[in-house]
Amino acid sequence: MNNANNIMKQLPREQRPYEKCFMQGEGSLNDTELLAVILRSGTSGKNSLALAQEILKFMESSSYPGLMGLMHVSVQDLMKIHGIGQVKAVQLKCIGELSKRIAKAAARPQIVMNKPSSIAAYYMEELRHEEQELVICMMSDVKGHFLGDKILTRGTATGSLVTPREIFMEALRRHAVSLILIHNHPSGDPTPSPDDLQITARIYQAGELLGIHLLDHIVIGDQRYCSFREEGLWNTCTE
């Protein structure tokens, strides 16, 4: 470990991640340097920069190369990298979770219930990395104010089942008068499936009987989304 630290100290100050960040700002750091700062230390004979390079190299062999891989690999996978123990693996996983939460928090003030793009922006980082389908019910009051949301189901890689009963029990509990259904497609393609159309029609019809109106169904892909209303699919579901 001391040898690794000595190697780091031999680098010019402007090339050491901590010093570079302090002098030039965090935006000046590349992916390897950012990871090195988070790792804080390396392992025997390998400084934090070299260890960060090992992590990114490991990600290259996965389905999600680069920093994106941190969203998808498990703690156990990370611990396969020499020099990454349980503590560092948990730290790295928390980076991914923190980035999703920051993105969601930044998008929340921009939510407009009748503006699908604002809703898609709010859920994009949370859902685009999911490897299973999640179904979320988003609820609003009589004035269109966002009351909150609820994850209803978590499915397989190819689909998720949800019933109107689950949705409206939650809506009634929150005293919601309208809702929007959101779910993701792990494939990255947000094009609705025939099952998506069918369940949307069932939920819409059940909601009309209860006086709780389904306003839209938004499917999240990878940096893309599909709003049933925007894409002209709403009439198909509500006839």
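Just so it is clear, the model here is predicted, and its values are computed rather than measured.

A. Inspection of the overall build of the chain at higher detail. Looking only at helices and strands, the chain has ten helices and five strands in total. Expected size for 239 residues packed as a compact globule is a radius of gyration near 18 Å; at 22 Å, the chain overshoots this value by more than 25%. Dimensions of the chain along its principal axes, counting C-alpha atoms only, are 70 × 35 × 30 Å. Expressed as a percentage of its 239 residues, the buried residues of the chain come to 44%. Here the analysis covers contacts within the chain between residues at least 6 apart in sequence; of these, 56% occur between residues at least 24 apart. Carbon and sulfur atoms form 52% of the exposed surface of the chain, whose accessible area is close to 12,900 Å². Positive and negative side-chain charges of the chain, numbering 25 and 27 respectively, have mean locations separated by a distance of 8 Å.

B. Region of the structure containing helix 4 (residues 48-60). Taking 1.5 Å per residue, 13 residues should reach 18 Å; helix 4 reaches 19 Å between its end C-alpha atoms and fits that length. The residue sitting at the N-terminus of helix 4 and contributing the capping side-chain oxygen is Asn-47; that oxygen lies 3.0 Å from the backbone nitrogen of Leu-49.

C. Unusual backbone geometry, seen in detail. Its identity is not glycine, yet Arg-40 carries a phi of approximately 70 degrees, on the positive side. Note on placement: Arg-40 falls in the loop between helix 3 (31-39) and helix 4. A residue is classified by how much of its surface remains accessible, and Arg-40, at 64% relative accessible area, is exposed. Positive phi values are uncommon outside glycine, yet His-175 reaches one of about 60 degrees.

D. Looking closely at helix 9 (residues 194-210). In this model, helix 9 (17 residues) spans 25 Å end to end at C-alpha, consistent with the 24 Å of a helix rising 1.5 Å per residue. Listed in full, the buried residues belonging to helix 9 are Asp-196, Ile-199, Thr-200, Ala-201, Ile-203, Tyr-204 and Gly-207. In this structure, the buried side of helix 9 is in contact with helix 8 (164-173), strand 3 (178-184), strand 4 (213-220) and helix 10 (234-238). Two residues or fewer past helix 9, Gly-211 is found with a positive phi of approximately 80 degrees.

E. Expanded view of the environment of Gln-223. The topology assignment puts Gln-223 in the loop between strand 4 and strand 5 (225-227). With relative accessibility at 52%, the residue Gln-223 sits in the exposed group. Separated by 96 residues in the primary sequence, Gln-223 and Leu-127 place their C-alpha atoms 9.9 Å from one another. Here Gln-223 is in contact with Met-124, Glu-125 and Arg-128, once residues within four sequence places are set aside.

Thresholds applied
Residues numbered from 1 in each chain as written. Predicted model: local features only at pLDDT ≥ 70, side-chain atom pairs only at ≥ 80, totals over all residues. Heavy atoms only, no water. Helix = DSSP H or I, 4+ residues; strand = E, 2+ residues; numbered from the N terminus. Rg over C-alpha atoms; globule rule 2.2 N^0.38 Å. Buried < 20%, exposed > 50% of the residue type's maximum accessible area, 1.4 Å probe, protein only. Contact = heavy atoms within 4.5 Å. Areas by Shrake-Rupley, 256 points an atom, 1.4 Å probe, with all protein chains shown as cover. Lys, Arg positive; Asp, Glu negative; His and termini not counted. Charge placed at Lys NZ, Arg CZ, Asp CG, Glu CD. Expected span 1.5 Å × (residues − 1). Polar contact = N/O pair within 3.5 Å; in protein donor to acceptor, adjacent residues only side chain to side chain.

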